[in-house]
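Fold and geometry: a report
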Amino acid sequence: MLPPLEQQAERLIALGVGDIAGLSAIEIRAAATLCAEDSLLTIHEKYAPASTLAHLLERQGKRGFIVTDMTDVDQFTPTEHAVPPDNPLYLLEGLDRGDAMSNWSPDEALPAILEAGRTPLTLTEGIHWLIQTPDVLERGHCFMTIGSRLRKPNGALDTRTPALWISNGTGRDGKDNRNAPKVGWCWAGNRHTWLGFASANTRVPLDA
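Residues numbered from 1 in each chain as written. Predicted model: local features only at pLDDT ≥ 70, side-chain atom pairs only at ≥ 80, totals over all residues. Heavy atoms only, no water.

**Thoughts on the nonpolar core**
Counting 56 residues, the largest nonpolar core has Leu-41, Ile-43, Ile-127, Trp-129, Phe-143, Leu-164 and Val-183 as its most contacted members. For this core, the leading source of residues is helix α6 (residues 123-132), giving 5 residues. What Leu-164 contacts, discounting residues up to four positions off in sequence, is Leu-57, Leu-123, Gly-126, Ile-127, Leu-130, Leu-137, Cys-142, Phe-143, Thr-145, Lys-182, Val-183 and Leu-195. (Core = buried A, V, L, I, M, F, W, Y, C linked by side-chain atoms within 4.5 Å. Buried < 20%, exposed > 50% of the residue type's maximum accessible area, 1.4 Å probe, protein only. Helix = DSSP H or I, 4+ residues; strand = E, 2+ residues; numbered from the N terminus. Contact = heavy atoms within 4.5 Å.)

**Topic: the sheet that holds strand β14 (residues 202-206)**
In a beta sheet, neighbouring strands are held together by backbone hydrogen bonds and run either parallel or antiparallel to one another. If you walk across this open sheet you meet the 3 strands as β1-β6-β14, and the pairing is antiparallel. Taken across any chain shown, the strands that pair with only one partner, and hence form the sheet edges, are β1 (39-43) and β14. Neighbour-to-neighbour, the strand axes of the sheet open up by a mean angle of 30°, direction not taken into account. Summarising the sheet, β1 and strand β6 (residues 89-93) pair through 5 bridges and their orientation is antiparallel. Looking across to β6, one finds that Thr-42 is bridged to Tyr-90. (Pairing = 2+ DSSP bridges. Axes fitted to C-alpha atoms, helices over the stretch in contact; angles between N-to-C directions.)

**Some words on the sheet that holds strand β8 (residues 142-144)**
Strand order in the open sheet made by the 5 strands is β4-β11-β10-β8-β12, with mixed pairing throughout. Two strands close off the open sheet at either side, each with one partner strand: β4 (65-66) and β12 (195-197). Alignment of β4 against strand β11 (residues 181-187), held across 2 bridges, turns out to be parallel. Counted as the bridge partner of Ile-66 is Val-183 from β11. Strands β8, β10 (160-166), β11 and β12 of the sheet are contacted by helix α5 (residues 106-115), whose axis makes an angle of about 35° with β12.

**Considerations on the state of the cysteines**
Such a bond, covalent and formed between the sulfur atoms of two cysteines, is termed a disulfide. Tallied over the entire structure, the rule returns 0 disulfides. Cysteine Cys-142 is unpaired, with the sulfur of Cys-186 as its nearest cysteine sulfur at 10 Å. Taking the relative accessible area as the measure of exposure, Cys-142 reaches 3% and is therefore buried. (Disulfide = S-S within 2.5 Å.)

**Re the packing of aromatic side chains**
If you walk through the whole model with that rule in mind, you get 3 aromatic pairs. Ring geometry for Trp-165 against Trp-194: centres 5.5 Å apart, planes inclined by 65°, an arrangement best described as edge-to-face. With Trp-165 in strand β10 and Trp-194 in the loop between β11 and β12, the pair connects residues that are 29 residues apart, well separated along the chain. Here Trp-165 falls in the buried class, since its relative accessible area comes to 12%. A centroid spacing of 4.5 Å and a plane angle of 70° characterise the contact between Trp-185 and Trp-187, whose relative ring orientation is edge-to-face. Positioned above the aromatic ring of Trp-185, the side-chain terminus of Arg-160 is 6.0 Å from the ring centre. (Phe/Tyr/Trp six-rings, centres within 6.5 Å; stacked < 30°, edge-to-face > 60°. Lys NZ or Arg CZ within 6 Å of the ring centre and 35° of its normal.)

**Considering α5**
Given 3.6 residues per turn, any residue in an α-helix points the same way as the ones three and four places further on. Taken together, the buried positions of α5 are Pro-106, Ala-109 and Ile-113. Projected down its long axis, α5 carries its buried residues within an arc of 60°, all on one side. In the core, the buried residues of α5 are packed alongside β7 (119-120), β8, β10, β11, β12 and β13 (199-200). Just past α5, the residue Gly-117 takes up positive phi, approximately 75°. (Arc of directions from axis to C-beta.)

In structure tokens:
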């Protein structure tokens, strides 16, 4: 269950997301008053990209981080199946972590999401969800955000697909990051028993 919209607005303001996006507290609060309950208040990624949001995530006193081999994180942009409204602020309605598709590959999950009339979450949308409800990220129940993909210069999709999970503090993550929220990636054809596929019913534009 998401917090009330007014509470979501205050959290974005307190964390400085409004400052990152160039949106005033008045604008964010005003948009929240127009929202339906049980929706996620989201700021468009062109105003607040993933690289500026990941460190705002927190779990067990550990700050979120981006894996070292994803320096191009902000180049993972929305696909044609996950186009956000042009407005700086918008709603996501009907969020689902996608546990039912755990152990599916991204290539297998996307057609099922679309067939259900849903839209895959982008990476920044997934981060917004965890900013508001950190407990959505659980060991054994994390999620991918396949609404964001990187296109190569020739137009083909990079085979990496972004995901949000909990670090074990091994390898390049470093032991200090154990239990921290992590922005990483997996191959589009690989399956993972602990990764679902986050999606929503719809995106609704808001006037700031």
